[in-house]
Amino acid sequence: MNRGVAAELEDVTFRYGAHAVLAGVSLAARAGEMLAIIGPNGCGKSTALRLMAGLLRPARGEVRVEGEPVARLPRRQLARRLALLAQSGGTPAGMSVADLVGMGRYAHESWLRRQTPDDRAKVDAAMAAMEITRLAGRRLGELSGGQLQRVRMAMVLAQDAPILLLDEPTNHLDLRHQYALLDVARAQARAGRCVVAVLHDLTQASLYADRIALMHEGRLVAEGAPGAVLTTAAIEQVYGVRTRAIDVGGTVVHLPESALS
Amino acid sequence: MSGTRYLSAGAHVHLPFALRFLAILALLGLLLAGAMLCGLWLGSTDLPLSRILRWLLPFGPADADTAALMQLRLPRVIVAVLGGAMVAASGYLLQVISGNALADPGLLGISQGTVATILLGGVVFGVPAAWLAPAGLGGGLAVGALVLLLAARLQAVNGLILIGLAVSISLGAVVEIIMVSGGIDQFVRYMSWSHGTLTAASMADAARLAGWALVLAMPLAAAPRAMAPLLLGSAQAASLGAAPHLSRPLLTLLAAALVAPVVAIAGPFAFLGLIAAHTARRLVGDRPGEVLPVTMLTGALLLLAADMAGRTLFLPMVVPAGLLVSVAGVIGFLAVARAVPR
Amino acid sequence: MSRLLPALLVLLLLAAGARARDITDHEGYRVTLPDAPRRIVSLHDWTLTVMAHELNAPLLASTGRLGPDGVPFMRGARELFGLDFSQVALAAIFGRPDLEHIRSLKPDLILANSGDNTPLRAQLATIAPTLMFDAESGRPPLALYADLAGWLGRTARFEALKAAYERRLAEVRARILPPGAPAPTYAVMLINPRDGTVQVVRTYGVLTTALDDLGFRPMPIVAGMGRSNRMTISPELIDALDADILFTTYLPPRHGGVEEVNADMDRIAPGARATMKAFAAGRVINLPRYEVYPVSFRGLHRVLEAIAATVHETGSTGDAP
């Protein structure tokens, strides 16, 4: 299961002005695994993901994708290796669902060569995976927040990249679709892709991630299997919340003491 | 996806097109052709349509009277069609670039930059009249570039709009100071030009504008593919394989180049881009490759109709087309502002 | 089509039975026009229309402006000559011209002014020979007037008008300026009672032309104005305008008279009238703006008569006791 490193940060520091958002973080994500990055608000987890996606340039250190420095890859080539589900983005109300999912094929198309049968097959498969095939003709302005998030995820899948970066992918989704989306993400990892997801929900992270990276104030606090990283001590140190560990069918979940008392 | 067909040629050409879009394009094209014929036909001098057709068609010579009258009407029609299309395209480009549905060439300071350069050149520095239009073009492009550079420094989502507005307002103040200190005559003169009028359009102007349109046709054809990812925001666009840090400034430059020659020839046309782009989106949705041409046809129709109305309905006065577009635009703006959420 | 136009012009010229002449206008265009144009359209009322009318040129039509009642009038020409659109045709509403209508008048010469009509020149020239007249070049008003008279073939009429003006000028000067007496000083001021400011003006249409021709001297503040023609001063500095004779102008709906000037002065600079010698000597002259701003010999005469009447009433100029 331990295949090659797909995306990694090596001793990366990133600053907004004088403020270091990320300080000396090293983190590697491998093909075939699902890595969850968790931590409290403002800990730098989304910044780490954006650095991996090549959207930000580190002040120090290096970001590599499949062994190559991200800084040296043109965006079009990078997009064939790595797909990002951004936390937010524009949603042109008049665009159709099929068109938005089709945008996932952008890096594979050219000015004179668009929507080839191959492209369309990938788009159809992605829509089927996200259970949105019946929405294909609808306009984005007519969709609910949850439907829209699934459409965006389908666009990312259609990109057909070996690395998937998901920034808080379960936002806006109801319970059923949260787990449905995570099921799809895990299935992508099982199929050999590298999936890195920024998550808020510790339970979801425990249930779905092969490994968890716990961040706090711009640093990597712990990294490893969910059971090893998510200890009551680590959670209290990072989140300032006392929790109780409860074993649910082999998976340990953490519930806040204050809620249980 | 009903109605989508594919144009295929070998392994390297595979293009989708929507039947609805083609139908709308054809309809607007026909409407525009009809409006252009009306533009040649209508005016304070009555002229039978048959004489215009004889002048237009290459069968036999046209009479001198008709030919002389066409010298007055033809340049107006050409400048209205090209100028309307160019200003509308510029507005739509800016809306996509800024992610703001209310964007307009006035937003980037391009219109004001051209206006201020022409006035500064003419009133303060005594630049000969023949050099005013090129000078204004340079000024509009320079201000557009300045706004872009400042916005890039600011790195904020709405930085472009804020800086564009700030620069526009400052330039507007400069213009007013020049005009007021130049006396009331200068001010009246400025007011009559600042509304955007096609009365002064000559065949030379029409030819110059056509030259610009020709030069800008290729970049315009390439623009929609660069625009589509921008609709999803910078981060998503970049991760899809687009290069927003490059395409934004290039598209803004294109938007400036589209609007500056029109302002130099006919003055600024506020709201034209806004109305045309929103009409186009209503008609075809949100694919830039479809919205852009429909926006341009709509803009051309709009300016042509405004100019025809302005020079036939209020005689002996000829009301500047820009004024009528603005009136239509204010109504459109309010409708759009109500419809846009947030 | 472009070849048809000169042919058309030639036909027109032959019909007029006139020889063609080449003229270089104020914007440097070489224009071929009939020796004696018979159908002149003026596109500026208070310069070109006024002068062409005074020269007795065959003025066919002129631009006008819409009055508050919606009826077009010719500024300057209305006030000076009582000219209205029953005597000449309406060529266009100023600033909003319908070129087709101008063409339908079949002019053989279009007179247009630089500034307002410069952008229209190319299109006007497709209709008829078009002369651009630049009233703002800084040259003396009468030199510009002489240019226009030459273009219109009316130099003789211009010289006659000029000679009459110079005769009257000499008479007035002899009456109000005894030989050897120092030339009086003058100032032209425009009061804006709304914002409480005063403008000093260096040249003001034929008003300052007549004053300079009389040998009056402008106040020193004018020499310090650099190149600009107007300067706004604070009412506190109104002493700089303490000339022997003070001029101002009024616009309708005002009726003129010193009382209006007094009222304005009391509002913007209370007490100043008491210290200014022109007010003390009753030598404040309030003239109708639309009669003295346009360039015309009739306007020049109006200025001369106003000065003669005022100085006659109040005794000779110079350092009054």
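Not measured: the values here are computed from a predicted model.

S.K.: Teacher, can you tell me more about the overall build of chain A here?
M.R.: Across its full length, chain A holds ten helices and twelve strands. By the compact-globule yardstick of 18 Å for 261 residues, chain A fits well, its C-alpha radius of gyration being 19 Å. In terms of principal-axis extent, the alpha carbons of chain A reach across some 55 × 40 × 40 Å. Within chain A, the proportion of its 261 residues that are buried is 54%. In chain A, the share of contacts with a sequence separation of at least 24, taken over all contacts with a separation of at least 6, comes to 66%. Here chain A has roughly 11,000 Å² of accessible surface; of this, 49% comes from carbon and sulfur atoms.

S.K.: It is not clear to me how the sheet that holds strand S1 (residues 5-16) of chain A should be interpreted in this structure. Could you clarify?
M.R.: Paired through their backbone hydrogen bonds, the strands of a sheet run either parallel or antiparallel. All names here are of chain A. Strand order in the open sheet formed by four strands is S2-S1-S4-S5, with antiparallel pairing between adjacent strands. At either margin of the open sheet sits one strand with a lone partner, and together these are strand S2 (19-30) and strand S5 (68-69). The sheet contacts of helix H1 (residues 45-52) involve S1, S2 and strand S4 (60-65), and relative to S1 the element is tilted by about 120°.

S.K.: Can you help me understand a nonpolar patch on the surface in this one?
M.R.: A cluster of nonpolar side chains, B:Leu53, B:Leu56, B:Leu57 and B:Phe59, forms an exposed patch at the surface whose accessible area comes to about 390 Å². Looking at the secondary structure, you find B:Leu57 in the loop between helix H2 (49-56) and helix H3 (64-98).

S.K.: Hey, could you run me through the packing of aromatic side chains in this one?
M.R.: Within a pair of aromatic rings, the relevant descriptors are the distance that separates the centres and the angle that separates the planes. All names here are of chain C. Inspection of the entire model under this criterion finds nine aromatic pairs over all chains. Here Phe133 and Trp151 contribute two aromatic rings whose centre-to-centre distance is 6.2 Å and whose plane-to-plane angle is 85°, an arrangement assigned as edge-to-face. Taken as a pair, Phe133 in strand S8 (residues 130-133) and Trp151 in helix H6 (residues 141-151) lie far apart in primary sequence, 18 residues in all. What makes Phe133 buried here is its relative accessible area of 2%. By relative accessible area, which is 6% here, Trp151 ends up buried. With centroids separated by 6.3 Å and ring planes inclined at 50°, the aromatic side chains of Tyr165 and Phe297 adopt a geometry described as tilted. Of this pair, Tyr165 sits in helix H7 (residues 155-176) while Phe297 sits in helix H14 (residues 297-314), placing them 132 residues apart in sequence. For Tyr165, a relative accessible area of 1% puts it in the buried group. Ring pairs connect the aromatic residues Tyr145, Phe158, Tyr165 and Phe297, which therefore count as one cluster.

S.K.: Honestly, the domain arrangement of chain C in this entry has me stumped. Any pointers?
M.R.: Accessible area lost during the coming together of the parts is what is often quoted as the interface size. Residue and element names in this part refer to chain C. By domain assignment, chain C separates into domain 1 (4-153) and domain 2 (183-314). A straight line from the C-alpha centre of domain 1 to that of domain 2 covers 32 Å. Facing twelve residues of domain 1, the contacting portion of domain 2 comprises 13 residues. Buried area between domain 1 and domain 2, summed over both chains or domains, comes out near 1,300 Å², and the portion from carbon and sulfur atoms is 72%. The tally of links between domain 1 and domain 2 comes to zero salt bridges. Seen at the junction of domain 1 and domain 2, the total is four residue pairs in polar contact (both at pLDDT 80 or more). Counting residues per element, the ones that place at least two in the side of domain 1 that touches domain 2 are helix H2 (45-54), helix H3 (77-81) and H6. Of the residues contributing to the side of domain 1 that touches domain 2, the split by class is eight nonpolar, one polar and three charged.

The rules we used
Residues numbered from 1 in each chain as written. Chains lettered and ligands numbered in written order. Predicted model: local features only at pLDDT ≥ 70, side-chain atom pairs only at ≥ 80, totals over all residues. Heavy atoms only, no water. Helix = DSSP H or I, 4+ residues; strand = E, 2+ residues; numbered from the N terminus. Rg over C-alpha atoms; globule rule 2.2 N^0.38 Å. Buried < 20%, exposed > 50% of the residue type's maximum accessible area, 1.4 Å probe, protein only. Contact = heavy atoms within 4.5 Å. Areas by Shrake-Rupley, 256 points an atom, 1.4 Å probe, with all protein chains shown as cover. Pairing = 2+ DSSP bridges. Axes fitted to C-alpha atoms, helices over the stretch in contact; angles between N-to-C directions. Patch = residues over 30% accessible without salt bridge, like charges linked within 9 Å, V, L, I, M, F, W, Y side chains within 5 Å. Salt bridge = Lys/Arg side-chain N within 4 Å of Asp/Glu carboxyl O. Phe/Tyr/Trp six-rings, centres within 6.5 Å; stacked < 30°, edge-to-face > 60°. Domains from an automatic or database assignment. Buried area = accessible area lost by both parts, 1.4 Å probe. Polar contact = N/O pair within 3.5 Å; in protein donor to acceptor, adjacent residues only side chain to side chain. Nonpolar A, V, L, I, M, F, W, Y, C, P; charged D, E, K, R; others polar.

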